[in-house]
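# Examining the three-dimensional arrangement
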Amino acid sequence: MTSSLSRKLAASIERWPIAGSFTISRGAKTEAVTVVATVSQGGHTGRGECVPYPRYGETPEATLQALEAMREPLSNGLDRQALQAAMPAGAARNALDCALLDLEAKSAGQRIWTLLGRPAPRPCTTAFTISLGTPEAMAAATARAAHRPLLKIKLGGDGDGERISAVRKAAPESELIVDANEAWTPDNLEQNLAACANAGVTLVEQPLPAGQDEALARIKRPIAVCADESVHDRASLEGIRARYDAVNVKLDKTGGLTEALAMADAAHVLGFEIMIGCMVATSLAMAPAMLLAQQARFVDLDGPLLLARDRDGGLRYDGSLVYPPDAALWG
Ligand SMILES: CC(C)C[C@H](N)C(=O)N[C@H](CCOc1cc(O)cc2c1C(=O)N[C@@H]2C)C(=O)O
Ligand SMILES: [Mg+2]
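Residues numbered from 1 in each chain as written. Chains lettered and ligands numbered in written order. Predicted model: local features only at pLDDT ≥ 70, side-chain atom pairs only at ≥ 80, totals over all residues. Heavy atoms only, no water.

What follows covers the site of ligand 1. The environment of ligand 1 is formed by 23 residues, the closest being Thr129, Asn181, Val280, Asp300 and Asp302. A distance of 3.0 Å separates an oxygen atom of ligand 1 from a polar side-chain atom of lysine 250. Aspartate 300 places a polar side-chain atom, nitrogen or oxygen, 2.8 Å from a nitrogen atom of ligand 1. When ligand 1 is considered free in solution it has 610 Å² of accessible area, and contact with the protein chains removes 95% of it. Elements with a minimum of two residues in the shell around ligand 1: strand S1 (8-24) and strand S6 (150-154). (Near = heavy atom within 4 Å. Polar contact = N/O pair within 3.5 Å; in protein donor to acceptor, adjacent residues only side chain to side chain. Areas by Shrake-Rupley, 256 points an atom, 1.4 Å probe, with all protein chains shown as cover. Helix = DSSP H or I, 4+ residues; strand = E, 2+ residues; numbered from the N terminus.)

The following block contains the structure:
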């Protein structure tokens, strides 16, 4: 006989075409590959979506396998609290943690923020990402997005000074943040930071490779520097304190919203500014992050804006304003 605590898991890989392509220092993408977990119990179903990241040794197939391995523990009653110790931080736990949160909300007939004792999310202004390219191509893409209040500019190493100055000319009014995705070196760090400061950039994300970022503690940083690849969850905060001013909290790194909320609280206590970030994914992956967006200095939840098509019932984007999810989507 199945106990009433028994939860039934399903998981699948999904492919979502990107409108055109998306390029960062590590290469170009034409589709978003996500993994969706659904957990059913007592006539209710919760779902969560994650993006496995090869940079962290993750693949869609291995993520699917890691989820399948939780089928039996879930059928034996594994809950969200126990999940935190049962799986490591990363994409697979993210999908399951978010599915269990959605299931909690749907089973209780209440919104998840009410159950978690958090304020109801309000619409937020998200960054809009400009792909890495030549200064001319980036300036043209920026000009088309110059009406947006916050732009995230992907940089990639050689020629970044020319790129950021061309971008600034194309969007004189927008707030600019940049993401080098680990492409700078200790030798060009100060020159590139100065070019960004001259262009009025507010924040530089992950300039140096994770694990090779000690130089950030030795220099006078003219702009706030934000850790992304160098920080994953609460356990990694202490080690980056002298190097960074802000942290990019992503649910695919923390292994879900449960740890992300705890990480953001701990980061605040340590004096870090918060960015809530995302990978290229559908609204189902963005929806849980809306709870964290409320306390973030920077909201970077533009994944669906880069897709050729979002999932049905996705988040409402009005320009760069992103609205909280309907219950049918998540939470
Ligand atoms: C839609 C934007 C790209 C999302 C966000 N604004 C952003 O910049 N996120 C990046 C993460 C880039 O996402 C990558 C990079 C990569 O090399 C490979 C992938 C992805 C991704 O989303 N899917 C594949 C695995 C950031 O902050 O660094
Ligand atoms: Mg980043």
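Okay, back to it.
Here we take up the pattern of salt bridges. Considering all chains together, one arrives at 24 salt bridges under this definition. Arginine 26 serves as the salt-bridge partner of glutamate 182, at 2.7 Å between the closest nitrogen and oxygen. Placement of glutamate 182 in the loop between strand S7 (175-179) and helix H8 (189-198) and of arginine 26 in the loop between S1 and strand S2 (27-41) is noted, with a sequence separation of 156 residues between them. Residue lysine 152 pairs with aspartate 179 through a salt bridge whose shortest N-O separation is 3.5 Å. (Salt bridge = Lys/Arg side-chain N within 4 Å of Asp/Glu carboxyl O.)

The next subject is the side chain of aspartate 160. Within the secondary structure, aspartate 160 sits in helix H7 (residues 160-170). The exposure class assigned to aspartate 160 is buried, which follows from its relative accessible area of 2%. At a separation of 3.0 Å, a polar atom in the side chain of aspartate 160 contacts the main-chain amide nitrogen of glycine 156. Within polar-contact distance, the side chain of aspartate 160 engages the side chain of arginine 163 at 2.7 Å. Contacts of aspartate 160, omitting those with residues within four sequence positions, involve Leu155, Trp184 and Asn192. (Buried < 20%, exposed > 50% of the residue type's maximum accessible area, 1.4 Å probe, protein only. Contact = heavy atoms within 4.5 Å.)

To continue, consider the coordination of the magnesium ion (ligand 2). Geometry sets the ideal angles at a metal, namely 109.5 degrees for four tetrahedral donors and 90 or 180 degrees for six octahedral donors. Protein-derived ligands of the magnesium ion (ligand 2) are Asp179 (OD), Glu205 (OE) and Asp228 (OD), with the metal-ligand distances lying across 2.0 to 2.2 Å. Sequence spacing of the donor residues for the magnesium ion (ligand 2), all on one chain, is D-x25-E-x22-D. With a gap of 49 residues between them, aspartate 179 in strand S7 and aspartate 228 in the loop between strand S9 (224-227) and strand S10 (246-249) connect regions that are remote in the sequence. Considered together, aspartate 179 and aspartate 228 belong to a single accessibility category, that of buried residues. (Donors = N, O, S within 2.8 Å, 3.2 Å for Na, K, Ca; no water.)

This part takes up the sheet that holds strand S3 (residues 44-50). Two strands in a sheet stick together by hydrogen bonds in their backbones, pointing the same way (parallel) or opposite ways (antiparallel). Taken together, three strands build an open sheet; the order of strands is S1-S2-S3 and the sheet is antiparallel. The open sheet has two edge strands, S1 and S3, and neither has a second partner. Looking at each pair of strands side by side, their axes are set apart by 20° on average, direction ignored. Pairing analysis gives seven bridges linking S2 to S3, with the strands arranged antiparallel. In the sheet register, valine 39 faces S3, and the bridge partner there is glycine 46. Sitting on the sheet, helix H1 (residues 60-68) touches S1, S2 and S3, and the angle it makes with S1 is about 160°. On the sheet, helix H4 (residues 91-108) packs against S1, S2 and S3 and is oriented at approximately 150° with respect to S3. (Pairing = 2+ DSSP bridges. Axes fitted to C-alpha atoms, helices over the stretch in contact; angles between N-to-C directions.)

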